[in-house]
Amino acid sequence: MELWSDWAKIMEKKSMSRPRNRELAADLANAIDARRRELRMTRSELAERSGLHPSTITRIEKGVFVKPTPDSLHAIADALDMAPDELYAIAGWLTPTLPRNQPAIGVICQGVSDHVADDIERAIAEIATRDHIELRAYRRIIA
């Protein structure tokens, strides 16, 4: 767990320099709100069970926190009786696992410019087209 925490701190610092992603924040807010309501839990109860400040829960559920820390998401997931990976994936900390029978390509561009990342995306698209591979979902992650 210590390694995960160190990695999360590094990724959090890197994510602060990227443009805010409102879509991910809205998806995360909706998932947490829906599960909380399903359990008939108030925001205050979620805050108490997770050990987070009530205003933190409110800001996450309103999409103000665009990328909450993995530690906060883990605490919320535990309080909501969810797998932390579900929230990590929604928040963009992890990419969802695809079924093994579907073609998948995973690329993390670290320390490269947007121009280089664009070139990599184009190369992947060209290879997929050439080999008649349909890439159903693709999310760009720049670390």
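Computed from a predicted structure; not experimentally measured. (Residues numbered from 1 in each chain as written. Predicted model: local features only at pLDDT ≥ 70, side-chain atom pairs only at ≥ 80, totals over all residues. Heavy atoms only, no water.)

Trainee: I'd like a description of helix α6 (residues 84–91), backed by residues and values.
Mentor: What α6 keeps buried is the set P84, L87, Y88, A89 and A91. Looking one or two residues beyond α6, the residue adopting positive phi is G92, at roughly 95°. (Buried < 20%, exposed > 50% of the residue type's maximum accessible area, 1.4 Å probe, protein only. Helix = DSSP H or I, 4+ residues; strand = E, 2+ residues; numbered from the N terminus.)

Trainee: Break down the side chain of S50 for me, with residues and values.
Mentor: Looking at the secondary structure, you find S50 in helix α3 (residues 43–50). Judged by its relative accessible area of 12%, S50 is buried. In this structure the side chain of S50 is engaged in a polar contact, spanning 3.2 Å, whose partner is the backbone oxygen of A47. In terms of polar contacts, S50 uses its side chain to reach the backbone amide nitrogen of L52, at 3.3 Å. (Polar contact = N/O pair within 3.5 Å; in protein donor to acceptor, adjacent residues only side chain to side chain.)

Trainee: How would you explain the nonpolar core if you had to name every residue and give the values?
Mentor: L28, I32, L46, L73, I76, L80 and L87 are the most contacted members of the largest nonpolar core, which has 18 residues in total. Elements with a minimum of two residues in this core: α2 (22–38), α3, α4 (54–61), α5 (70–79) and α6. The biggest single contributor to this core is α5, with four residues. Not counting the four nearest positions on each side in its chain, L87 is found in contact with L28, I32, L73, I76, A77 and M82. (Core = buried A, V, L, I, M, F, W, Y, C linked by side-chain atoms within 4.5 Å. Contact = heavy atoms within 4.5 Å.)

Trainee: Run through the confidence of the model for the protein chain, naming residues and quoting values.
Mentor: Detailed reading of the predicted model is not advised wherever pLDDT is low. Residues with a pLDDT of 70 or more make up 69% of the protein chain, whose mean pLDDT is 78. For the protein chain, the element scoring lowest by mean pLDDT is helix α1 (residues 2–15), at 49; α3 scores highest, at 97. pLDDT under 50 marks residues 13–20. Its contacts with residues more than four places away, or in other chains, come to nine contacts. (pLDDT = per-residue confidence, 0-100.)

Trainee: Outline the pattern of salt bridges, supporting the account with residue identities and numerical values.
Mentor: All told, the structure shown has seven salt bridges when counted by the stated rule. Across the salt bridge formed by R36 and E61, the nearest N and O atoms sit 2.7 Å from each other. A residue pair is termed long-range when its members are at least 10 positions apart, and R36 in helix α2 and E61 in helix α4 qualify at 25 residues. A relative accessible area of 6% means that R36 is categorised as buried. In this structure E61 comes out as buried when scored by relative accessible area, which is 8%. One salt bridge in this structure joins D131 and R130, with 2.9 Å as the shortest N-O distance. A single network of salt bridges, built from pairs that share partners, joins D33, R36, R37, R43 and E61. (Salt bridge = Lys/Arg side-chain N within 4 Å of Asp/Glu carboxyl O.)

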